[in-house]
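Geometric and topological summary
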Amino acid sequence: MKPFIAANWKLHKLPSEMDAWVKALHTALAGVDLERLELALCAPYTHLPALHEALRGGGVKLGAQDVSAHDQGAYTGEVSAAMLKDVGVHYVIVGHSERREYHREDDALVHAKVEAVLGSGLVPILCVGEKLGEREAGQAEAVTLQQLEAALAGLTIKTADGLVVAYEPVWAIGTGKTATDSDAQAMCGSVRGKLRELMPDLADDVRVLYGGSMKGDNAGGLLAQPDVNGGLVGSASLDAASLAEIAAAC
Ligand code: 13P
């Protein structure tokens, strides 16, 4: 399986900066064999058309950070999966812990969003993971697997590359506290185990990413774990050279 590195820029950068940023990325990636991995940039909605243009022909895929659960209608401020597809999006992050926490997204809404993404032929990057208190209470695995099962219940995933799952422990996001290699493996392994129950024929080929303070200097150890098939990278993805360092660790 090719490692998959997805950048999540969150609320950063401007659409007018896309050309220069993509040039900087290609310069930084000069020594990296791009055949060995897959790379995607998940940007704010406003950046997507400009980024699609800037990425054209360069082998890096386009992603969004959220989506509406609705296809169309009177839903002011929402953006549908079909709209994302129309501007060249391939991946959509769904259920990020920042959406769950700051926008009160619950399991039912995450499920509806995954369904909307699949319905448009796009690929969800489904985020799951526990908070610090849940880990300390010994609930890390139960919470994470419950989120996974709730998001996917009753949905049909047709091919293994039609779904990506990102295990992102909330306590590791933006804190500089990365999970140890063995903790990341244990949790991504549990995610794989649940996927085997939910989709036995595909589970071994579904990409399971780790996210949470992944950087150039810890990516190698994390990505060497058998059930860690890539990374969902926040802060370190804002700088082209730092993102290229992680790509080089694949
Ligand atoms: P950081 O890499 O900044 O910890 O963010 C991880 C993340 O939330 C990616 O979705």
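Procedures and definitions
Residues numbered from 1 in each chain as written. Predicted model: local features only at pLDDT ≥ 70, side-chain atom pairs only at ≥ 80, totals over all residues. Heavy atoms only, no water. Helix = DSSP H or I, 4+ residues; strand = E, 2+ residues; numbered from the N terminus. Expected span 1.5 Å × (residues − 1). Buried < 20%, exposed > 50% of the residue type's maximum accessible area, 1.4 Å probe, protein only. Contact = heavy atoms within 4.5 Å. UniProt positions renumbered as here; feature names shortened; annotations may be inferred. Phe/Tyr/Trp six-rings, centres within 6.5 Å; stacked < 30°, edge-to-face > 60°.

**Remarks on helix 7 (residues 140–152)**
Here helix 7 contains 13 residues, and its C-alpha end-to-end distance of 19 Å stays within 8% of the 18 Å for a straight helix at 1.5 Å per residue. When we look at burial in helix 7, the residues that qualify are Ala140, Val143, Thr144, Leu145, Gln147, Leu148, Ala151 and Leu152. The elements touched by buried residues of helix 7 are helix 4 (97–102), helix 5 (107–119), strand 5 (123–128), helix 6 (132–136), strand 6 (164–167) and helix 8 (181–198). Looking one or two places after helix 7, you find glycine 154, whose phi comes out positive at around 80 degrees.

**Description of the environment of histidine 111**
Structurally, histidine 111 is set in helix 5. On the basis of relative accessible area, histidine 111 is assigned to the buried category, the value being 17%. Separated by 43 residues in the primary sequence, histidine 111 and glycine 154 have C-alpha atoms spaced 9.5 Å apart. Apart from the residues lying within four places of it in its own chain, the contact partners of histidine 111 are Ala150, Ala151, Leu152, Ala153 and Leu155.

**What to know about the UniProt feature "binding site: substrate" (unreviewed entry) in the protein chain**
The UniProt record marks Asn8, Trp9, Lys10, Gly174 and Ser213 with the feature "binding site: substrate" (unreviewed entry), using the residue numbering of this structure. These annotated residues cover 206 residues of sequence, and their C-alpha atoms all fall within 13.9 Å of one another, placing them together at a single site. Classification of tryptophan 9 by relative accessible area gives buried; the value is 0%. The residues touching tryptophan 9, leaving out its near neighbours within four places in the chain, are Met18, Trp21, Leu41, Cys42, Ala43, Leu51, Gln65, Ser237 and Leu238. Along the chain, serine 213 falls in the loop between strand 7 (207–211) and helix 9 (216–223). Residue contacts for serine 213: discarding those within four places in its chain leaves Ala172, Gly174, Thr175, Gly176, Lys177, Thr178 and Asn218.

**A word on the packing of aromatic side chains**
As enumerated under the stated definition, the model contains 3 aromatic pairs in all. Measuring from centroid to centroid gives 4.7 Å for phenylalanine 4 and tyrosine 91, while their planes differ by 35 degrees, and the two rings are tilted. On the criterion of sequence distance, the pair formed by phenylalanine 4 in strand 1 (residues 4–8) and tyrosine 91 in strand 4 (residues 91–94) is long-range, its members being 87 residues apart. In this structure, phenylalanine 4 and tyrosine 91 share a single accessibility class: buried. Pairing tryptophan 9 with tryptophan 21 gives two aromatic rings, centres 4.8 Å apart and planes at 75 degrees, and the pair type is edge-to-face. You can see tryptophan 9 sitting in the loop between strand 1 and helix 1 (18–28) and its partner tryptophan 21 sitting in helix 1, a full 12 residues away along the chain. For tryptophan 21, a relative accessible area of 9% translates into the label buried.

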